[in-house]
Amino acid sequence: MDSDDDSPFGYDAFRRTCPSHTVLEMLASKWVYLVVCALRKGRLRNGELARKLEGITPKMLAQTLRVLERDGLVRREIFPVIPPRVEYELTELGQNLGGLLTQIRAWAEQHAPDIKDARAKAIAFSEGDWAA
């Protein structure tokens, strides 16, 4: 292995049994990504998150929030009122991750037309329209 590939943290995400591999696996979920980005601006209730994240099911939102809370990225606060009010916010670790994910989101939004064009060309090529 090249010294450039050695992690300064003593972990190797390329190894299946490495704890950092499981972190990357968790981060690969689009819903984890979008929930973290949505919470960057502050606390939100479940319903607010559901409205912001078009297409997420209540079950997937609940699962995603549980994973993020388990992994120390999101803090849940339950207020003792009737009906109960629950709010979610990023922890310091979640805010740190959120900064990186916001940069990736900005890149995706900036380059979406480029990717869309490349996909259209690939489809045209695969259908035999090589002049496209």
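Because the structure is a prediction, the values reported are computed rather than measured.

Draft legend 1. How the structure looks around the overall build of the protein chain. Scanning the protein chain from N- to C-terminus turns up five helices and three strands. For the protein chain, the succession of helices and strands along the chain, N to C, is α-α-β-α-α-β-β-α. Taking 14 Å as the expected radius of gyration for a compact globule of 132 residues, we find that the protein chain reaches 19 Å, considerably beyond that expectation. Its C-alpha atoms give the protein chain principal-axis dimensions of about 65 × 40 × 25 Å. Nonlocal contacts in the protein chain, meaning residues at least 24 apart in sequence, comprise 47% of its contacts between residues at least 6 apart. A total accessible area of about 9,900 Å² is found for the protein chain, and carbon and sulfur atoms account for 56% of it. Each charge class in the protein chain was averaged separately, 19 positive and 19 negative side chains, and the resulting centres sit 10 Å apart.

Draft legend 2. Examining the packing of aromatic side chains more closely. Scanning the entire structure with this criterion turns up zero aromatic pairs. Arg-85 extends its terminal NZ or CZ atom over the ring of Phe-79, reaching a point 3.9 Å from the ring centre.

Draft legend 3. Molecular detail of the pairing of strand E3 (residues 85-90). Sheet topology places strand E1 (residues 44-45) next to E3; two bridges connect them, and they run antiparallel. Of the residues in E3, the one forming a bridge with Arg-45 is Glu-87. Sheet topology places strand E2 (residues 74-79) next to E3; six bridges connect them, and they run antiparallel. The partner of Glu-77 across the bridge, within E3, is Glu-87. Following E2, the chain reverses through five residues before pairing antiparallel with E3.

Draft legend 4. Molecular detail of helix H2 (residues 30-39). The element H2 is extensively covered by neighbouring structure, given that eight of its ten residues are classed as buried. Regarding H2, its N-cap is Ser-29, as a side-chain oxygen of that residue lies 3.2 Å from the backbone nitrogen of Trp-31 further along.

Draft legend 5. The arrangement of the UniProt feature "domain: HTH hxlR-type" (unreviewed entry) in the protein chain in detail. When the UniProt feature table is mapped onto this chain numbering, "domain: HTH hxlR-type" (unreviewed entry) sits at residues 18-116. With 65% helix and 14% strand, residues 18-116 has its two end C-alpha atoms placed 35 Å apart.

Draft legend 6. Broad picture of the sheet that holds E3. With antiparallel pairing, three strands are arranged side by side in an open sheet as E1-E3-E2. Looking at strand neighbours, the two that pair on one side only are E1 and E2, the edges of this open sheet.

How each quantity is defined
- Each residue is numbered by its place in its chain's sequence as written, counting from 1.
- Where totals are concerned, whole chains, interfaces and linings use all residues; where local detail is concerned, this predicted model gives features only for residues with pLDDT of at least 70, and gives and counts side-chain atom pairs only at 80 or more.
- To get the side-chain values, all heavy atoms of the structure are used, and hydrogens and water are removed first.
- Under the DSSP-based scheme used, a helix requires at least four consecutive residues in state H or I and a strand at least two consecutive residues in state E, with every element numbered from the N terminus.
- A radius of gyration in this sense is built from C-alpha atoms; the matching globule rule multiplies 2.2 Å by the number of residues raised to 0.38.
- What makes two residues a contact is simply this: any of their non-hydrogen atoms within 4.5 Å.
- Per-residue and other accessible areas follow the Shrake-Rupley method at a 1.4 Å probe size, with only the shown protein chains counted as cover for residues.
- In this charge count, Lys and Arg are treated as positive and Asp and Glu as negative; neither His nor the chain ends contribute.
- Taken as the charge centre is NZ of Lys, CZ of Arg, CG of Asp or CD of Glu, depending on the residue.
- Each pair of aromatic rings taken from Phe, Tyr and Trp, with Trp reduced to its six-membered ring, is defined by centres within 6.5 Å and is described as stacked if the planes are under 30 degrees apart, edge-to-face if over 60, and tilted in the remaining cases.
- Whether a charge sits over a ring depends on NZ of Lys or CZ of Arg being within 6 Å of the ring centre and within 35 degrees of the ring normal.
- Two strands pair if DSSP finds at least two bridges between them.
- Relative accessibility under 20% of the residue-type maximum defines a buried residue, over 50% an exposed one, and the middle range a partly exposed one, all with a 1.4 Å probe and only protein chains included.
- Think of a polar contact as two N or O atoms within 3.5 Å of one another; within protein, one of them needs to be a possible hydrogen donor and the other a possible acceptor, and neighboring residues in sequence only count if both atoms come from side chains.
- UniProt positions are given in the numbering used here, feature names are shortened, and annotations may be inferred rather than shown by experiment.

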